[in-house]
Structures are given as structure tokens and as C-alpha cells.
Amino acid sequence: MKKIFSILALALAVMTASAEAGFDLKVGKSENGKIAFLVGGSEVTSAPEGAAVTMEITPQGGYVVKEVTNSLYTDWNSARAASTIDITTSVEMKKVTDNVYTFTMPRACVEVNVTYDIEIPTPAEDKKDEEKEVTDVKLDMAPAGAPETAGEITIIPVSITGVEVPQTAPQEIVIEVAARTQVGNNVFEVREIKADAFKTNDANVKVTKVILPDTEEPLTVEAGAMKPDGKPIDVQTPLALLDDYALMNAMKENYEAKKVTAKATAPDRFWTFSSGVDVLVPEGVTVYRAFNDNGNIRILPIEMANASGIIKANNGVLLSCDEMKGGKAYEFVANPSGPKSGTTPATTDACSYEGNSMVPTIVGTNYPTGRYYILKNNEFHTMSANGKVPACKAVFDKNK
């Protein structure tokens, strides 16, 4: 009995000494920032019971603190907590600022977890009243992949996860998504849009239209993202990506409701066009076919594609507009009469217009010299070298 009593007494002495030395302060999860614990102005990794602890959080550039949680735990190997401690409880923390918290050290070790949000302010305009702008709409972002380094710049892929609107917002708003936003040396690059991204925090405010950025590849769009309240909204895309977005499964209802559109201004009197989906011809636009007439290139209007008609998918054509060179913006509407949602835009020539020698360029393509002509300054020119023609354009095939 004396031996047992002596061992117990020794254990109690160790426990008391450890408690006086302090209990551990541990950082659990803090992927996009650093956490420091201070007692009396000095940084510490442990603190005695009853000590006033200040916790300072330093987010990485472009990040803000989203949530702070903590839990208590016992370190039985060093007997640092009394056996009465409930390891499922947490210590009460007082928020001083978004990045500073204080608490009184309990008789237990403390583990802190911090999650972060990316804060990228994105302006949105009320298109029903051009004089009124909503400048403090916020798009919530989350990392969507590993950061990429380009010289001194770090590119951080992000997803749009939500939208927050101010109390001054009108009932209907338009969101314009920026492809990239730079904060210091960090460039936040939008890669995807999550399902609930455009559900607002105010039931009286609705997003009625989203303008997607001009990117080389289309963004990944989750199902439901473009119908935040159950009904498809207007989606404006870059002209070159109109077919890619229209044929996405996530855009099926928008496409079928003729709500996937693109706007473009005429670069010159004539310009070439092609798309992987049927497109409604804007009012004020005339569509032509081009053909080889004994060595001369001639053009004729396509009767079936006049105003309120349709430019058939996978056909190269010439366009002429009422207003040219940065004047009126013409709206091109993806029409569901052609390819169906869920399909990939075809790159072959549909040859829908008899006698047409224009070849569609559905995706950027390198054409060989000699056979193909490109349109520059309202005239067709042979390609002097293999050159890549961008998507949505067309070339003249002299052998067709």
C-alpha cells in the first residue's frame, strides 16, 4: 500500500508542475494564413491556466478570415490536464477585430482552426437603369486548384461560390464576371462557377443576367448555376465561346429558352463568322456565301439567313452590318434548332449552303498556305505562312 501511495503522489506532483508550466497552444488547420499566440506581448506556444492569451491571424494576400473554431484536448503523456476536462468542449474567444481574438487559457491544451475566403470585389450594374450602378456586389470565391507561378506572379485558380449584395441593390441585377483580378502579386483566375453561385443573400434581389468573361477556354459551370431561382437566366458569352456554353449540359434550359447570347461589333464592312450551334441573325446584319467565279471571289446574300433567320451550325459565312467599326453591338442568340445540349461542337463543314466556298473555323485552326484565303480589310488574301485562324471565323477554300 505504501508503494502505491508513493506512485500516486509522484504522478500528482508531475501534473501540478506541468499545469504551472503551461498547456499547449496548437494550430490545427490554417492553410491560407498564419496564427500567432501572445501572452504579455511575447509569442508563445503554451500558456498557464488563467493567462490572458491574444491570438493574431495573418491571412495570405487576397484572403480574409472566414471562420475561427477551437477545441480542447488533453496530453496524457505529459499529464497536462486534469482528468475532469471534457475534451469535446471549446474555450470562449472574444473577437477584437477580424484577425485578432482573445481568450483566457483553460486547464487544457487548445487547438485552433481557421478557414479563409478569397475576397474579390466584382462590380455589377443594374441594366434597367444605366445611370444607377451597384459597385459593392461581392462574389465569394474558393480555391479551385493548386497555385501556379509565372515569374513573380502567383496565379490562384478560383471558383465562384456565392454572391452577396448590399441593401442598396435594385431588385434585378446583372453580374459581370472578371476573368482575372490581381491583388498584389496574386492573380485570382476564375475557372469554374458553382451551382449556387448566383443565389443572393437577399430574397428580394434577383440576378437576371450573367456576363461571362472572354477566356481562351470556357469556364466549368455546374448544373443549376444559371438558374439560381429555378428559372433560366440570361447568359452573355464571348462570341467565340457561344457554342461551347450553349451546348453545356448545365446550360440546357438557358439554351432551349434562347437565353444564351453573345454581343459583337463589326470590325469592318465585311467579316467572317462560324459557330458550332445555329445562331439567330441579328437585325441589321446580312449574311453572304462566297464562291469562286473563274478565279474571282464573288459573294451573294443567303436568302434563308436574312434578318430573323438562322445561320446554320458549322457553316462559314460572310457578314455585313449596318454599322461598322466599333459602332452598334449586335446580339447573336444561340438557337436550339441545331445541335443539342451535351454534345461537343463539331469541327467539320456542314455544307448547308450550296455553292459556298467558306469553311468554318469552329476551333482555332492552322491552315496550310496556297489553298486557303483569309479576309483582311474587306479583301481575301492568300496565307503567306501557316497561320492560326481563331475560333468563330471562317476562311475561303479555293478548291471547294
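Residues numbered from 1 in each chain as written. Predicted model: local features only at pLDDT ≥ 70, side-chain atom pairs only at ≥ 80, totals over all residues. Heavy atoms only, no water.

Q: Where do I start with the overall build of the chain in this structure?
A: Broken down by element type, the chain carries three helices and 34 strands. For the chain, with 400 residues in total, the buried portion stands at 44%. Within the structure as shown, the chain displays about 20800 Å² of accessible surface, and the carbon and sulfur contribution to it stands at 48%. (Helix = DSSP H or I, 4+ residues; strand = E, 2+ residues; numbered from the N terminus. Buried < 20%, exposed > 50% of the residue type's maximum accessible area, 1.4 Å probe, protein only. Areas by Shrake-Rupley, 256 points an atom, 1.4 Å probe, with all protein chains shown as cover.)

Q: Please explain the sheet that holds strand β25 (residues 296-301) as it appears in this structure.
A: Across a sheet, paired strands are connected by hydrogen bonds in the backbone, their directions being either parallel or antiparallel. Across the sheet, four strands lie side by side as β22-β27-β24-β25; this open sheet has antiparallel pairing. Lying at the two open borders of the sheet, with one neighbouring strand each, are β22 (270-273) and β25. Across the sheet, the mean angle separating the axes of adjacent strands is 40° when strand polarity is ignored. (Pairing = 2+ DSSP bridges. Axes fitted to C-alpha atoms, helices over the stretch in contact; angles between N-to-C directions.)

Q: Could you clarify how one ought to interpret the packing of aromatic side chains in this entry?
A: The relation between two aromatic rings is expressed through the spacing of the ring centres and the mutual angle of the planes. Applying the stated criterion to the full structure yields seven aromatic pairs. Seen from their ring centres, Y63 and F188 are 6.2 Å apart, and the 75° between their planes marks the pair as edge-to-face. A residue pair is termed long-range when its members are at least 10 positions apart, and Y63 in strand β6 (residues 63-73) and F188 in strand β17 (residues 186-193) qualify at 125 residues. Aromatic side chains Y373 and F396 sit 6.2 Å apart centroid to centroid with 80° between the ring planes, which places their arrangement in the edge-to-face category. In this pair, Y373 sits in strand β31 (residues 372-376) while F396 sits in strand β34 (residues 393-397), placing the two residues 23 residues apart along the sequence. What links up through ring pairs into an aromatic cluster is the set W271, F273 and F332. One residue, K26, lies across the ring of Y73, its end atom 6.0 Å from the ring centre. (Phe/Tyr/Trp six-rings, centres within 6.5 Å; stacked < 30°, edge-to-face > 60°. Lys NZ or Arg CZ within 6 Å of the ring centre and 35° of its normal.)

Q: Would you take a moment to explain the sheet that holds strand β7 (residues 94-97) for this structure?
A: The strand order across the open sheet formed by five strands is β3-β2-β5-β8-β7, and the pairing between neighbours is antiparallel. At either end of the open sheet lies a strand with only one pairing partner, and these are β3 (42-44) and β7. Adjacent strand axes in the sheet meet at a mean angle of 35° when their direction is disregarded. Bridging between strand β5 (residues 52-59) and strand β8 (residues 100-104) involves five bridges; their strand directions are antiparallel. Each bridged residue has a counterpart across the sheet, and for V53 the counterpart in β8 is F103.

Q: What is the right way to read the environment of N292 from this model?
A: Considering the arrangement of structural elements, one finds N292 in strand β24 (residues 285-293). Along the backbone, N292 and K398 are 106 residues apart, and their C-alpha atoms lie at a distance of 6.7 Å. When sequence neighbours within four positions are dropped, the list of residues in contact with N292 reads S357, F396 and K398. (Contact = heavy atoms within 4.5 Å.)

Q: Just checking my understanding: could you explain the environment of P218 for this structure?
A: In this fold, P218 is placed in the loop between β18 (206-211) and β19 (220-221). Residues P218 and T237, 19 residues apart in the sequence, show an inter-C-alpha distance of 9.1 Å. Among all residues touching P218, those that are not within four sequence positions of it are L241, D244, Y245 and M248.

Q: I would appreciate a short explanation of the side chain of T261 in the present structure.
A: With respect to the element layout, T261 can be found in strand β21 (residues 260-264). Given a relative accessible area of 7%, T261 falls into the buried group. Apart from residues lying up to four places away in sequence, T261 is in contact with V235, Q236, T237, L242, E331, F332 and V333.

Q: Just checking my understanding: could you explain the pattern of salt bridges for this structure?
A: Where side chains of opposite charge bring their charged atoms close, a pairing between them can arise. Summed over all chains, the structure comprises 18 salt bridges. Salt-bridge contacts for K138 lead to D140; the nearest nitrogen and oxygen are separated by 3.8 Å. Both residues of the pair, K138 and D140, belong to the buried class. Salt bridges sharing common partners tie together E148, R180, E189 and R191. (Salt bridge = Lys/Arg side-chain N within 4 Å of Asp/Glu carboxyl O.)

Q: What am I meant to see in the nonpolar core here?
A: The tendency in soluble globular proteins is for nonpolar side chains to be buried as a group. Counting 57 residues, the largest nonpolar core has M55, F103, F198 and M226 as the members making the most contacts within it. In terms of residue count, the dominant contributor to this core is strand β9 (residues 109-121) (six residues). Not counting residues within four places of it along the chain, the set of residues in contact with M55 comprises I35, A36, F37, V68, M93, N99, V100, Y101, F103 and V112. Core analysis: the second largest hydrophobic core is formed by 26 residues, A262, A266, F332 and A334 among them. (Core = buried A, V, L, I, M, F, W, Y, C linked by side-chain atoms within 4.5 Å.)

Q: Looking at this model, I keep getting lost on the environment of T161. Mind explaining?
A: Counting through the fold element by element, T161 comes out in strand β14 (residues 153-164). When its relative accessible area of 31% is taken as the criterion, T161 is described as partly exposed. For the pair T161 and D140, spaced 21 residues apart in the sequence, the C-alpha separation amounts to 5.5 Å. Setting aside residues no more than four positions away along its own chain, T161 makes contact with D140, M141, A142, K194, D196 and A197.

Q: Please explain the pairing of β22 as it appears in this structure.
A: Looking down a regular strand, the side chains alternate between one sheet face and the other. Neither face of β22 is left uncovered, since the one carrying F270 and T272 and the one carrying W271 and F273 both have all their residues buried. Relative to strand β27 (residues 317-321), β22 runs antiparallel, the two sharing four bridges. Note on β27: the bridge partner recorded for W271 is L319.

Q: Teacher, can you tell me more about the confidence of the model for the chain here?
A: One rule of thumb: low pLDDT means the predicted coordinates there are not for detailed reading. Of the residues in the chain, 84% have a pLDDT of 70 or more, and the chain-wide mean is 84. Note that residues 1-19 has pLDDT below 50 and, in this model, 10 contacts with residues that lie over four places away or in other chains. pLDDT under 50 marks residues 121-135. Its contacts with residues more than four places away, or in other chains, come to 30 contacts. (pLDDT = per-residue confidence, 0-100.)

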